[in-house]
Amino acid sequence: MMRKALLLAACSAALAISGCSKDGGSGGSDFEVTNTEYPEQVFWGDTHLHTDNSIDAFGFGNRLDTEAALRFARGEEVTATKGEKAKLSRPLDFLVIADHSDAVGATKALYEAPRIALLGNEFLLRWYDMMHESDEGSLAVTAELIDGAAAGTLPEGLFDPEESAERIMSLWTEHGKKLDEYNEPGKFTAFHGFEYTPMPGGDNLHRVVMFRDGGDKTSTMLPFASFDAGDPEQLWAYMDAYEKSTGGKVLAIPHNSNVSNGRMFAMNKLDGSPIDEAYIKTRALREPIVEVTQIKGDSESHPFLSPNDEFADFGDAGWDKCNLSCGKDMPPESYAGSYAREALKRGLEFTLKMGANPFKFGMIGSTDSHTSLATADENNFFGKHSGNEFNNKDRALAPQNLGTRRGRFGWHYLSSGYAAVWATSNTREAIFDAMMRREVYATTGPRMQVRFFGGFDFAEGDTEDLVKTGYAKGVPMGGDLSGGDGKAPTFLVSALMDPESANLDRIQVVKGWVDASGKSYEKIYNISWSSPDDRKLGADGKLTAVGNTVDLAKGTWENSIGAPELVTWWQDPDFDATQNAFYYVRVLEIPTPTWPVYDALKFGLTLPDDVIKIQQERAYSSPIWYTAAATKS
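All figures in this text were calculated on a predicted structure; none of them were measured in a lab. (Residues numbered from 1 in each chain as written. Predicted model: local features only at pLDDT ≥ 70, side-chain atom pairs only at ≥ 80, totals over all residues. Heavy atoms only, no water.)

S.K.: When you look at the overall build of the protein in this model, what are you seeing that I'm missing?
M.R.: The secondary structure content of the protein amounts to 14 helices and 25 strands. Taking 26 Å as the expected radius of gyration for a compact globule of 633 residues, we find that the protein reaches 24 Å, a close match to that expectation. If you line up the protein on its principal axes, its C-alpha atoms span 75 × 55 × 50 Å. When the 633 residues of the protein are sorted by exposure, 62% land in the buried category. Of the contacts made within the protein by residues no fewer than 6 positions apart, 75% connect residues no fewer than 24 positions apart. Per element, the accessible surface of the protein, about 23,000 Å² overall, is 50% carbon and sulfur. Across the protein, 62 positive and 92 negative side-chain charges occur, with their mean positions spaced 1 Å apart. (Helix = DSSP H or I, 4+ residues; strand = E, 2+ residues; numbered from the N terminus. Rg over C-alpha atoms; globule rule 2.2 N^0.38 Å. Buried < 20%, exposed > 50% of the residue type's maximum accessible area, 1.4 Å probe, protein only. Contact = heavy atoms within 4.5 Å. Areas by Shrake-Rupley, 256 points an atom, 1.4 Å probe, with all protein chains shown as cover. Lys, Arg positive; Asp, Glu negative; His and termini not counted. Charge placed at Lys NZ, Arg CZ, Asp CG, Glu CD.)

S.K.: Could you clarify how one ought to interpret the sheet that holds strand 6 (residues 193-196) in this entry?
M.R.: The pairing of strands in a sheet happens through backbone hydrogen bonds and is either parallel or antiparallel. Sheet architecture is open: 3 strands sit in the order 6-7-8, paired in antiparallel fashion. If you trace the sheet from one side to the other, it starts and ends with strand 6 and strand 8 (250-254), each paired once. The sheet shows a mean angle of 20° between the axes of neighbouring strands, taken without regard to direction. As paired elements, strand 7 (residues 207-211) and strand 8 share 5 bridges and run antiparallel to each other. (Pairing = 2+ DSSP bridges. Axes fitted to C-alpha atoms, helices over the stretch in contact; angles between N-to-C directions.)

S.K.: Whenever I open this one, empty space enclosed by the protein confuses me. Can you help?
M.R.: In this approach the atoms are scanned with a rolling probe the size of a water molecule, which exposes any empty space left behind. Under the definition given, this model contains 5 cavities of 30 Å³ or more. Around the largest cavity sit Asn 53, Asp 99, His 100, Ser 101, Val 104, Ile 168, Leu 171, Trp 172, His 175, Gly 193, Phe 194 and Pro 223, which together line it. Mapped by element, the contributors of at least two residues to the lining of the largest cavity are helix 7 (165-182) and strand 6. Examining the composition of the lining of the largest cavity, we find that 4 residues originate from one element, helix 7, more than from any other. Reported here for the second largest cavity is a volume of approximately 50 Å³. (1 Å grid on protein atoms, 1.4 Å probe; cavity = no way out; pocket = protein on both sides within 12 Å on 5 of 7 lines; lining within 4 Å. Points joined across faces, edges and corners; volume = space filled by probe spheres on them.)

S.K.: What am I meant to see in helix 13 (residues 466-473) here?
M.R.: Residues separated by three or four positions in an α-helix point in the same direction, a consequence of the helix having 3.6 residues per turn. Residues of helix 13 that are buried include every one of Leu 466, Thr 469, Gly 470 and Tyr 471, and no others. Structurally, helix 13 contributes buried residues whose contacts are with strand 14 (449-455), strand 15 (475-476), strand 17 (490-496) and strand 20 (565-571).

S.K.: Just to check I follow, could you spell out the sheet that holds strand 11 (residues 362-365) for this structure?
M.R.: Spatial ordering of the open sheet is given by 10-9-11, a layout of 3 strands whose pairing is mixed. Edge strands, defined here as strands with exactly one partner in the open sheet, are strand 10 (297-298) and strand 11. In terms of strand pairing, strand 9 (residues 289-294) meets strand 10 through 2 bridges, oriented antiparallel. Bridge pairing in strand 10 links Thr 293 to Asp 298.

S.K.: Could you clarify how one ought to interpret the packing of aromatic side chains in this entry?
M.R.: Geometry of an aromatic ring pair is reported as the spacing of the ring centres plus the angle between the planes. In this structure the tally under the stated criterion is 31 aromatic pairs. The structure contains a cluster of three or more aromatic residues connected by ring pairs, namely Trp 172, Phe 194, Tyr 196, Phe 211, Phe 224, Tyr 238 and Tyr 242. Cation over ring: Arg 451 sits above Trp 422, and NZ or CZ is 3.5 Å from the ring centre. (Phe/Tyr/Trp six-rings, centres within 6.5 Å; stacked < 30°, edge-to-face > 60°. Lys NZ or Arg CZ within 6 Å of the ring centre and 35° of its normal.)

S.K.: What exactly am I supposed to notice about the pattern of salt bridges here?
M.R.: A side chain with one charge can pair with a side chain of the opposite charge if their charged atoms come near. For the structure shown, the criterion picks out 41 salt bridges. Between Asp 368 and Lys 296 there is a salt bridge; the shortest N-O distance is 2.3 Å. One end of the pair, Asp 368, is in the loop between strand 11 and strand 12 (418-423); the other, Lys 296, is in the loop between strand 9 and strand 10, with 72 residues separating them in the sequence. We note that Asp 368, like Lys 296, is buried. With its nearest N and O atoms 3.2 Å apart, the salt bridge here joins Lys 393 to Asp 394. (Salt bridge = Lys/Arg side-chain N within 4 Å of Asp/Glu carboxyl O.)

S.K.: Would you explain the packing of helix 5 (residues 122-133) against helix 6 (residues 135-151) in this entry?
M.R.: How two helices sit against one another is set out by the angle between their axes and by the gap between those axes. Contact geometry of helix 5 with helix 6 gives a least axis separation of 6 Å together with a crossing angle of 140°. When the axis of helix 5 is compared with that of helix 6, the two are oblique. Packed against helix 5, whose contacting residues are Arg 126, Trp 127, Met 130 and Met 131, the element helix 6 presents Gly 137, Ser 138, Ala 140, Val 141, Glu 144 and Leu 145 at the interface. Classifying every residue of the contact of helix 5 with helix 6 gives 6 nonpolar, 2 polar and 2 charged. (Parallel < 35°, antiparallel > 145°, perpendicular 65-115°, else oblique. Nonpolar A, V, L, I, M, F, W, Y, C, P; charged D, E, K, R; others polar.)

S.K.: How do you make sense of the state of the cysteines when you look at a structure like this?
M.R.: Throughout this description, disulfide means a covalent bond between two cysteine sulfur atoms. Taken as a whole and judged by the stated rule, the model has 1 disulfide. Each sulfur in the disulfide pair Cys 322 and Cys 326 lies 1.9 Å from the other. Looking down the S-S bond of the Cys 322 and Cys 326 bridge, the torsion is -50°, so its handedness is left-handed. Taken individually, Cys 322 and Cys 326 each receive the classification buried, so the pair is uniform in this respect. (Disulfide = S-S within 2.5 Å.)

S.K.: Looking at this structure, how should I read the confidence of the model for the protein?
M.R.: Detailed reading of the predicted coordinates is not advisable wherever pLDDT falls low. For the protein, per-residue confidence averages 91 on the pLDDT scale, and 93% of positions sit at 70 or higher. In this model residues 1-28 is a low-confidence stretch, pLDDT under 50, and it forms 48 contacts with partners more than four residues away in sequence or in other chains. (pLDDT = per-residue confidence, 0-100.)

S.K.: Got a minute to help me understand unusual backbone geometry in this structure?
M.R.: For residues that are not glycine, phi is negative in most cases, and the peptide bond is trans in most cases. Gly 417 follows Ser 416 through a cis peptide bond whose omega is -5°. In this structure, Gly 417 sits in the loop between strand 11 and strand 12. For Asp 368, which is not glycine, the phi dihedral falls at a positive 65°. Residue classification places Asp 368 among the buried positions, given a relative accessible area of 1%. The backbone of Arg 438 shows a phi angle near 65°, a positive value even though the residue is not glycine. As for its placement among the helices and strands, Arg 438 is situated in the loop between helix 12 (428-436) and strand 13 (440-443).

And the structure:
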């Protein structure tokens, strides 16, 4: 208790020093925006950004606050923590600052506290001194925090949310005022949010929590912490209570399932009991989308689960060995509960057995950057945290895992990803509502435009007016199909390259289905590709590779291969009207260099052979589900 009391005193002192300069209003309320009849524009954003208010981000060295993060996302130049000028080549349309709710602002408050206030507490004084001695000391404190949280060895009550409520409410309220000040409907949307961070035994069960509302509602409740409430069902109860008390709306976004050790999409509840109808209903309502790609790897697929998918290994290297803290190895047998495609298949199995699907989610990407800089560009990569920013020449090859330092190196981190949202306007309401209906997709960074519609009556000629016809005769990504009188579903698909990135290689449809016995399957279809006169499908359905124009000596590629746009109509050739199924689109770019290549050229490094230097960036649409008539309901 003495330690807790001393920390509270330290935090209060720090707040007194730093908390008076924040002000702001509800800015965006005076703007008028007209919604289009149907989504005509894709809006780009990051739903997962950390500032210096996150307990680990500050420990990692981040000194950029809420306002700096918002300015950077809007396209303004800021100075990164380590002194480099930082700017996006194009602004984002929206941003969710998702600082950890656990002990939010605590390391910053500890750092800024008078040292004399800590003299009676050996534990906190040691951390205080380490943080002030050097960047390495501050990183060591953060590693101890993460390891201690994973192992449950932090001093009891160290960051008790109830005891810290006054400090956190003050921070939360002032942070919200800044978000409202920068929220400009029609131009830039600033969402309220936080990250809920349960990590039992180092297994990642994190969620970003995102509000549809402004500070007038969000400031009525504290962000929900996981220290004493690590079961996501407790988070969902908090979300229920928020909506009932305020009339507002809130959703949760699971992320980094790849390091969950099979627990993010487990077949049982967290306590081991069977999943029941109430759980399914609540999870489907509260978690309509999942973050499948980000800095800490890609969670769409794994070769162990999808041995016939030649592109299943993107972003898996280094992340499939052990859980988030790297305190436990992850056997391949656990992967089924860790990757999104397998979760979608499990969802079909639940639908067949129980008539409802707990894993019916759309897919987005976001950064999880802890630098306050929402960038996912390979040639503008500022790293996972401020210890690995743009000017750190050692970051690509140094061991950099978050807890125990084994198994992961800098080059395992991805410069990924972004969330793409088809909404009727750039407002909190329209973007949030699009997420709830899953009309979203993920990219690993490039801003390629992807459309995906499903129906039973599309004809090949409908690609001429694809969007209007898609909405008139079918459903967009994230939607549901049923009926059809036994006809195989048809799909309209288009992909337009990012004008600042590479040409497109191909469009694929990923199908999953379940048979009458409850066994699930998957198949990859190449449905449209560049240079079709020269590239042919083999008997196994695989396509001739697009080629490779990457020049590693220069860090360049040529758009002399690939196509700027691909548009097609497709009908499932293997459809069985009695089998539930899902379909989603994967769009691949031609090969391009990874961020370590740019680092090697900048710093004169020689990259070892095992470093991935060339990749095919991609987009994942949300699925469209087909439900057979005989499905239990």
